[in-house]
Amino acid sequence: MSSSRSDYVILAIFALAVLTMPVWLAPIGAGYPDILQKFAIFGIFALGFNILFGFSGYLSFGHAAFLGTGSYAAVWMFKLLSMNALIAVVFAIVVAGIFALLIGYVSLRRSGIYFSILTLAFAQMSYNLAYSVLTPITNGETGLQTSRSDPRILDTMMGADPHILRTPDFFGIALQGWPGFYFCAILLILAFFVTMRIKNSTFGLMLFAIKSNQNRMNYTGFSTRPYLLAAFVISGMYAGLAGGLLAVTDPLAGADRMQWTASGEVVLMTILGGVGTLLGPVIGAAVMKYLEQIFSSFNEGFLHRSFDFLPTGLQDFVVTIVSPFVGEGWHLTLGLLFMIVVIFLPGGIMEGIAHLTRRFRKGETGGSGQTARTGH
């Protein structure tokens, strides 16, 4: 099978899996549009981060700056022009890309830990500016949101009443509930396709070569900085798209999306799923958001109902053991999961899947060989 054809097969399987998530995730309590939207949005965020970190080996601790910038840009489009989500998303990508170009141009003058610290510094500066100096643009602690007094020029020109607060839409289709999920899901599929094309392109090969041995490439006279800057900007644009989609699901932008914890989350997502892989970041994002949304909602009452088949004394003992890992303690579960993956599967969840696939194939091969020998 040719490389191009196999890419489209992978894309088709991925698209089918994403679009049918409401069906196969329902048994584990994740078949709701709100949580599935988060899976898709943070999957895009992690995919973009992986282009920089996974492909080129440059670890950024400041990608939340682009997530927040995308959210602010999208809400401003809702306020000034139209509630059409397509306009807001495009503007979010463009603004985040320009912001990433500025930060990347400075940060990429250094590499290694110094690059990571520079990106973290820029993100924290952005976070603090959003709370203070840029309050006329960001609305400070209150956050930026739509209001009845917004001009919404394009909507007014099309005959809509600007004083009626509406939800973001896609040419008249309100992006709430399932339409909102499928809008995010289609963009996730497109983002995955672009990432796949980048990985299999000459540009992607250059990024992997930089990750492998940047010094050797520099010694040969090859300039790596333009490739790194391009990867940084593309990665920032992905984050801007994710931030714009967060504003589509909830037309509110706050500086909390620029916090260093948001940057740390996308690092964990990528490492958890598998650095440098295509599916890994999406899987890592889904696992983290599942733990955050589902595990954090469990309480002792739920645990007692879940283990009510046990004798009373044993039931209380099991609930006492399990309760610190759910509810407000879901971070403990995430920490343990992350430790297990890093220790036993350094390549992330995708490495575990690869091990299982190889064992299954070996089992099939062994079984076929035994059958052949027996028949012979």
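Residues numbered from 1 in each chain as written. Predicted model: local features only at pLDDT ≥ 70, side-chain atom pairs only at ≥ 80, totals over all residues. Heavy atoms only, no water.

1. Let's talk about the confidence of the model for the protein
Here is step 1: Predicted confidence across the protein gives a mean pLDDT of 88, with 95% of residues reaching 70 or more.
Here is step 2: This stretch, residues 371–376, has a pLDDT under 50; its non-local contacts, to residues over four places away or in other chains, come to zero contacts. (pLDDT = per-residue confidence, 0-100. Contact = heavy atoms within 4.5 Å.)

2. Things to note about the nonpolar core
Here is step 1: By size, the foremost hydrophobic cluster in this structure holds 94 residues, and its most contacted members are Phe39, Ile44, Leu188, Phe232 and Leu245.
Here is step 2: Residue contributions to this core peak at 15 residues, all from helix α3 (residues 33–56). (Core = buried A, V, L, I, M, F, W, Y, C linked by side-chain atoms within 4.5 Å. Buried < 20%, exposed > 50% of the residue type's maximum accessible area, 1.4 Å probe, protein only. Helix = DSSP H or I, 4+ residues; strand = E, 2+ residues; numbered from the N terminus.)

3. Remarks on unusual backbone geometry
Here is step 1: Positioned with a positive phi, Arg152 is a non-glycine residue whose angle comes to about 45°.
Here is step 2: Tracing the chain through its elements places Arg152 in the loop between β1 (144–145) and α8 (153–157).
Here is step 3: The exposure class of Arg152 is buried, given its relative accessible area of 2%.

4. Digging into helix α4 (residues 64–80)
Here is step 1: Between the first and last C-alpha of α4 there are 24 Å, a value that for 17 residues agrees with the 24 Å anticipated at 1.5 Å per step.
Here is step 2: Within α4, 15 of the 17 residues are buried, which leaves the element mostly enclosed by the surrounding structure. (Expected span 1.5 Å × (residues − 1).)

5. Regarding the packing of aromatic side chains
Here is step 1: The final tally for this structure, using the stated rule, is 18 aromatic pairs.
Here is step 2: Plain terms: the ring middles of Phe66 and Phe99 are 5.8 Å apart, the flat faces sit at 75° to each other, and that makes the pair edge-to-face. Of this pair, Phe66 sits in helix α4 while Phe99 sits in helix α5 (residues 85–107), and the two are 33 residues apart along the sequence.
Here is step 3: With 5.6 Å between their ring centres and 50° between their planes, Phe170 and Phe183 make a pair best called tilted. Highlighted residues: Phe170 in strand β2 (residues 169–170) and Phe183 in helix α9 (residues 178–199), separated in sequence by 13 residues.
Here is step 4: Judged by relative accessible area, Phe183 falls into the buried class, the value being 10%.
Here is step 5: What links up through ring pairs into an aromatic cluster is the set Tyr58, Phe66, Phe99, Phe115 and Phe232.
Here is step 6: Directly above the ring of Phe42 sits Lys289, whose terminal nitrogen or CZ lies 4.0 Å from the centroid. (Phe/Tyr/Trp six-rings, centres within 6.5 Å; stacked < 30°, edge-to-face > 60°. Lys NZ or Arg CZ within 6 Å of the ring centre and 35° of its normal.)

6. Examining the pattern of salt bridges
Here is step 1: Per the stated rule, a full pass over the model turns up seven salt bridges.
Here is step 2: Among the ionic pairs, Asp169 bridges to Arg166, the shortest N-O distance being 2.9 Å.
Here is step 3: A relative accessible area of 31% places Arg166 in the partly exposed class.
Here is step 4: With its nearest N and O atoms 3.5 Å apart, the salt bridge here joins Lys289 to Glu265. One end of the pair, Lys289, is in helix α13 (residues 280–293); the other, Glu265, is in helix α12 (residues 260–273), and 24 residues separate them in sequence.
Here is step 5: According to the relative accessible area criterion, Lys289 is buried, its value standing at 4%. (Salt bridge = Lys/Arg side-chain N within 4 Å of Asp/Glu carboxyl O.)

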